[in-house]
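What follows is each chain in one-letter form.
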Amino acid sequence: MEQLKTIGRELAMGSQGGFNQSKEFLDLIKSIGETRSKSEEDRIVLHEIETLKRRINEPDIPKRKMKEYIIRLVYIEMLGHDASFGYIHAVKMTHDDSVLLKRTGYLAVTLFLNEDHDLIILIVNTIQKDLKSDNYLVVCAALNACCRLINEETVPAVIGSVVELLGHQKEAVRKKAVMALHSFYRRAPSSVNHLVENFRKKLSDNDPGVMGATLCPLYDLITIDVNPYKDLVASFVNILKQVAERRLPKTYDYHQTPAPFIQIKLLKILALLGSGDKKSSEQMYTVIGDIMRKSDTASNIGNAILYECICCISSILPSPKLLESAADAIAKFLKSDSHNLKYMGIDALGRLIRINPDIAEQHQLAVIDCLEDPDDTLKRKTFELLYKMTKSSNVEVIVDRMIDYMISINDSHYKTETASRCVELAEQFAPSNHWFIQTMNKVFQHAGDLVNPKVAHNLMRLIAEGFGEDDDAADSQLRSSAVESYLKIVDDPKLPSAFLQVICWVLGEYGTADGKYSASYISGKLCDVAEAHSSDDTVKAYAVTALMKVYCFEKAAGRKASLLPECQSLLEELSASHSSDLQQRAYEFQAILDLDAHAIENIMPLDASCEDIEIDQTLSFLDGYVQTALEQGAEPYISENERSTTLNISSIRNHNPYEHPAHSLRFEAYEVPKPVVPTNLPPAVTYPTELVPVPEPSYQPTMSSRPISDAGSGSTDLRLRLDGVQKKWGAPTYSSAASSSTSNFDSYRTAVNGATQSDNVPAKSREPRQPPVEVSEEKQKLAASLFGGRTERNERKQSGGAVGHGKASRTTNHREDKPQPTSVTTAVQPPAPPPDLLDLGEPTGAVSSYSSAVDPFKQLEGLLDLSQDGSAVATTSSGPDLMSLYSDSSTNGQKDNMNSAPNSSNRTASLTKGPSLKDALDKDALVRQMGVNPSSQNPNLFSDLLG
């Protein structure tokens, strides 16, 4: 009631201007508090944003009004709306001389901006100046801004001033300076590494607040490396003892608990320092025991300290007395009606059973109650506890419970985690191989493709190896049971791909081994699998290989094996498949069927999946072939390492720049192309088929009796005719494609504080239960199955197989049914090598793109200079005219005088109504021969470009 009266008085003072806030601002807060929907709240806020946009840009705004506008912007941002239009005004307010306005500006910018914002550069100088201010309130505001806004690049600008403030006379400044250095360490550890000793010094500061702030950076440093801080164990223990004995001022108490947050941080630090260190652990035993005895279990903060003590006890070297105290505290947590305390108790029990597994037996009924609790979070934590306490005597009960829970949940993350735990426990503690197979079948059926693919290979290996003993009857019984179980579920259309691969492999290896099922029956099932999963190439590959095994085993045994019609149709379909792997498997199947029984027995031995296979990695059987090829002049093989060092920088620097090795780039300047001396015999016409596909046969112009390649034999250069052509190329308009620039938009973060429960009242999510008078017989049996027996945890290596009694040094070496890349060895006549695009030297051979006796860069200058219209065009040689080829006009000289030279300079253009298709094809062939590749089918390409 007193609080309500206080709030009423404050609101009354505010309406009268007691807080220097206008009635309009108070009405805004009141209206938002009275809204009944999010849409109504958004409407009010958007209206306020429009009002602020209009008012904040008005000239000569009083500082008091501007301060109120900034606070209203902060309120808008806290409600999740964008107020970026007013950020610059908050930055300007940090420059004000008034302490109140400066602190308001710093508060606003720390809420508005982040360390990567563009406006940060505008307040770095202000922070530097304020860090040296005589007013400690201004210094504290600047240090708060340092913790939030200074990034890695601007740390050197302020770190010197912050270090000086560690010796400030005000304890609040020293505390905030430590916090600023801690934030610098998190952003740029290298900039603060030389200042670690300052943290050690501040640990002995007279003010408890400074000391408490120093614990945070020391905890981060100790987490990275414990050894440099072993000498501080006595100091931490002494500080914790003083706090527990209430030697700190009363202002640090929280719910009558002395400095609880300092205690929690110290316990975390001691847990790190005492891990694996007997001497350090012995120094902590007394103070931890005192804290556990003095802790107040009636409040949440007292239970938090008690839980942290249990975590510390589980980390350091164990003490019998402390373990007993921890077990008593866990019992109180588990007996509580609060789900939060039960959750803490289950988590703490999971930490202690790693030290003493017998502790769990004392709380078996409480654990079973948590396992049956409707609270899903508590149930998951209980399953984590059961996972940690699993052994060979209770693995069946725990795994069955986990599978039932996995079936009941829909969350894929928790389902994946639960499935992996079931598989891990089954592989480590399986009582029998038969149970392991049945458990894996359940996991695969209900978890689907969420199961790790390695589980499928482990299952196949277990079935192939058997029990690991020389008992063939038991191994045969195991495989027969696996075949029977798989035949019952193979028709399920929802089986995952990994499980189908296992089923196909088992049916192919052992489907007809005991003679209970015929080859035709197994083949029909496999064909059904391939047909039902036609979109999964991996499953089809496994099915085809399994079919091949079935028929090979039948034929090797001397029994008649004929392909079923559906099997034959499947092979025909796969022979034309787009997958080269499926094609290869289908062709191999058909080829093996034509072999005799002896050859098939050698290719496909029965039950040889675990036999060792010797692999000749050097391929020594090819030595004779390689030697013969080398004697005939073949190039020796170059290893991958040698090929990768071909373009080494050192070799490039050392080699002669005018020598051109076969596998290197040329780094010297381009040379001027030399003219080609014409020969009597016309060179053969060849087209760059590797780069530009030209349909065969190539089109030859009918306008000349000479070959097309001889058209420019009498010319010394090749130029474009620009007579009467409007110039559109040049410096103003010719540029490379503009690269798309990306602008980085800063993400604005809004801190959302979660609501917490009161520390006085523990949270209750259901009605408190009355303690049961009697324990049901069912719970007693379940407790006996989970906790009964004191067999030690059987630590087995998972890599040794599903069960620890697998065959010694056996590996699954049979050919894997995974799709493998197909290697095609058909000899193909190598095509003519494509032209070397990087070789710009003197052309060799009978083909050349064009010949020129002048510098091509001079030609470009002529193209770009309109003043040389007369001189440049007059020097045009009698080479082929590209512009005349791709213009709308045709050349009369080419039509009338068929015997004249093709490079005649006297041509009269006659306008036509449209390009002839035949002329276009002739021109296209000629242009392709000269090395020009049009980018489209438009015969008027150059005309379109040049106007």
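Model, not experiment: these values are computed from the prediction.

The rules we used
- Residues numbered from 1 in each chain as written.
- Predicted model: local features only at pLDDT ≥ 70, side-chain atom pairs only at ≥ 80, totals over all residues.
- Heavy atoms only, no water.
- Helix = DSSP H or I, 4+ residues; strand = E, 2+ residues; numbered from the N terminus.
- Buried < 20%, exposed > 50% of the residue type's maximum accessible area, 1.4 Å probe, protein only.
- Contact = heavy atoms within 4.5 Å.
- Areas by Shrake-Rupley, 256 points an atom, 1.4 Å probe, with all protein chains shown as cover.
- Expected span 1.5 Å × (residues − 1).
- Polar contact = N/O pair within 3.5 Å; in protein donor to acceptor, adjacent residues only side chain to side chain.
- Core = buried A, V, L, I, M, F, W, Y, C linked by side-chain atoms within 4.5 Å.
- pLDDT = per-residue confidence, 0-100.
- Bend = angle between axes of the 7 residues up to and from the residue.
- Phe/Tyr/Trp six-rings, centres within 6.5 Å; stacked < 30°, edge-to-face > 60°.
- Lys NZ or Arg CZ within 6 Å of the ring centre and 35° of its normal.
- Axes fitted to C-alpha atoms, helices over the stretch in contact; angles between N-to-C directions.
- Parallel < 35°, antiparallel > 145°, perpendicular 65-115°, else oblique.
- Left-handed = near helix turned anticlockwise from the far one by under 90°.
- Nonpolar A, V, L, I, M, F, W, Y, C, P; charged D, E, K, R; others polar.
- Salt bridge = Lys/Arg side-chain N within 4 Å of Asp/Glu carboxyl O.
- Lys, Arg positive; Asp, Glu negative; His and termini not counted.

1. A few points about the overall build of the chain
Secondary structure assignment for the chain yields 41 helices and four strands. The buried share among the 947 residues of the chain stands at 40%. Intrachain contacts of the chain at a sequence separation of at least 6 include 69% that bridge at least 24 residues. Total accessible area on the chain stands at roughly 54400 Å², and carbon and sulfur atoms take up 52% of it.

2. Quick word on helix H10 (residues 171-187)
In this model H10 runs 25 Å from its N-terminal to its C-terminal C-alpha over 17 residues, within 8% of the 24 Å that 1.5 Å per residue would give. Those residues of H10 not exposed but buried are Val-173, Arg-174, Ala-177, Val-178, Ala-180, Leu-181, His-182, Ser-183, Phe-184 and Tyr-185. Elements in contact with the buried residues of H10: helix H8 (136-149), helix H9 (155-164), helix H11 (196-202) and helix H12 (208-224).

3. Regarding the environment of Ser-620
Positionally, Ser-620 belongs in the loop between helix H31 (597-603) and helix H32 (623-631). At 2.5 Å, the side chain of Ser-620 and the side chain of Asp-616 are in polar contact.

4. Structural notes on the nonpolar core
Core analysis: the largest hydrophobic core is formed by 207 residues, its most contacted members being Phe-184, Phe-236, Ile-288 and Tyr-486. Here this core gets twelve residues from one element, more than from any other, and that element is helix H28 (residues 537-556). If sequence neighbours within four positions are ignored, Phe-236 has contacts with Leu-203, Leu-215, Leu-218, Ile-222, Leu-266, Ile-269, Leu-270 and Leu-273.

5. Section: the confidence of the model for the chain
In regions of low pLDDT, the predicted coordinates are not meant to be interpreted in detail. Per-residue pLDDT for the chain averages 75, and the proportion of residues at 70 or more is 66%. When mean pLDDT is compared element by element in the chain, helix H14 (residues 260-273) scores highest at 95, while helix H37 (residues 869-874) scores lowest at 39. Per-residue pLDDT stays below 50 along residues 7-18; that stretch engages in seven contacts with residues further than four places along the chain or on separate chains. Counted against residues more than four places away or in other chains, residues 935-947, with its pLDDT under 50, gives 23 contacts.

6. Some words on helix H15 (residues 278-294)
Across its 17 residues, H15 extends 25 Å between first and last C-alpha, which sits within 8% of the 24 Å expected from 1.5 Å per residue. A maximum bend of about 35° is found in H15 at Tyr-285.

7. Considering unusual backbone geometry
Even without being a glycine, Ala-259 presents a positive backbone phi close to 40°. Structurally, Ala-259 can be placed in the loop between strand S2 (257-258) and H14. Positioned with a positive phi, Leu-619 is a non-glycine residue whose angle comes to about 55°. Relative to the helices and strands, Leu-619 is located in the loop between H31 and H32. Classification of Leu-619 by relative accessible area gives partly exposed; the value is 40%.

8. Remarks on the packing of aromatic side chains
Applying the stated rule across the entire model yields eight aromatic pairs. Centroid distance Phe-444 to Phe-499: 5.0 Å. Interplanar angle 0°. Geometry classified as stacked. In this pair, Phe-444 is assigned in helix H23 (residues 433-447) and Phe-499 in helix H26 (residues 497-510), connecting sequence segments 55 residues apart. On the accessibility criterion, Phe-444 (1% relative accessible area) is buried. Taking the relative accessible area as the measure of exposure, Phe-499 reaches 0% and is therefore buried. Taken together, Phe-444, Tyr-486 and Phe-499 form an aromatic cluster joined through their ring pairs. Positioned above the aromatic ring of Tyr-219, the side-chain terminus of Lys-265 is 4.7 Å from the ring centre. We note Arg-421 situated over the ring of Tyr-387; from NZ or CZ to the ring centre the distance is 5.0 Å.

9. What about the packing of H15 against helix H16 (residues 300-315)?
Where H15 contacts H16, the two axes come as close as 9 Å, and the packing angle between them is 150°. Between H15 and H16, the interaxial angle falls into the category roughly antiparallel. Viewed along their axes, H15 and H16 form a crossing whose handedness is left-handed. Seen from H15, the contacting residues are Ile-288, Ile-291 and Met-292; seen from H16, they are Ile-305, Leu-306, Cys-309, Cys-312 and Ile-313. Taken together, the residues of the contact of H15 with H16 sort by class into eight nonpolar, no polar and no charged.

10. As for the pattern of salt bridges
As enumerated under the stated definition, the model contains 29 salt bridges in all. Measuring nitrogen to oxygen at the nearest pair gives 3.5 Å for the salt bridge that ties Lys-202 to Asp-205. One exposure class covers both Lys-202 and Asp-205, and it is buried. Between Glu-245 and Arg-247 there is a salt bridge, and its shortest N-O distance comes to 2.9 Å. Classification of Glu-245 by relative accessible area gives partly exposed; the value is 34%. A residue is classified by how much of its surface remains accessible, and Arg-247, at 58% relative accessible area, is exposed.

11. Focus on the side chain of Glu-41
Along the chain, Glu-41 turns up in helix H3 (residues 38-55). At 4.4 Å, Lys-38 is the nearest oppositely charged side chain to Glu-41, a buried residue that forms no salt bridge. If we ignore the near neighbours within four places in the chain, the residues touching Glu-41 are Ile-32, Thr-35 and Leu-79.

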